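# What the coordinates show
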Amino acid sequence: MVSKEKYEGKDIHLCVVCGFGYKEKEYAQKCEDFCKAHNSCSMEITVHAVKRS
Ligand SMILES: [Zn+2]
């Protein structure tokens, strides 16, 4: 389940698997689905991340 946190004064959505944060919940959800399914990140998705762990 995608989680929310404040980052640099903005609400972002986090992929709970890899910890990357996105402004759009849609990307966080896609990232999480991909991470869970493949046990790694998709570069096409993480390029949209605003916070990298
Ligand atoms: Zn992820």
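Residues numbered from 1 in each chain as written. Predicted model: local features only at pLDDT ≥ 70, side-chain atom pairs only at ≥ 80, totals over all residues. Heavy atoms only, no water.

### Re the sheet that holds strand E3 (residues 21-22)
Across the sheet, which stays open at both edges, the 3 strands sit in the order E1-E2-E3 with antiparallel pairing between neighbours. Both edges of this open sheet fall to strand E1 (3-7) and E3, since each of them pairs with a single strand only. In this sheet, strand E2 (residues 10-14) lies alongside E1 in antiparallel orientation, the contact comprising 5 bridges. Along E2, the bridge assignment pairs Ser3 with Leu14. The sheet strands contacting helix H1 (residues 25-38) are E2 and E3, and the helix crosses E2 at an angle near 20°. (Pairing = 2+ DSSP bridges. Helix = DSSP H or I, 4+ residues; strand = E, 2+ residues; numbered from the N terminus. Contact = heavy atoms within 4.5 Å. Axes fitted to C-alpha atoms, helices over the stretch in contact; angles between N-to-C directions.)

### As for the coordination of the zinc ion
Every protein donor of the zinc ion is listed here as Cys15 (SG), Cys18 (SG), Cys31 (SG) and Cys35 (SG), and their distances to the metal cover 2.3 Å. Between the 4 donor atoms coordinating the zinc ion, the angles at the centre fall across 101 to 115°, so the site counts as tetrahedral. Sequence positions of the donors to the zinc ion reduce to the motif C-x2-C-x12-C-x3-C. Across the pair, Cys18 and Cys15 agree in class, each one buried. (Donors = N, O, S within 2.8 Å, 3.2 Å for Na, K, Ca; no water. Tetrahedral: all angles 85-135°; square planar, octahedral: opposite > 155°, others 65-115°. Buried < 20%, exposed > 50% of the residue type's maximum accessible area, 1.4 Å probe, protein only.)

Everything listed is a geometric property; what it means functionally is a separate question.
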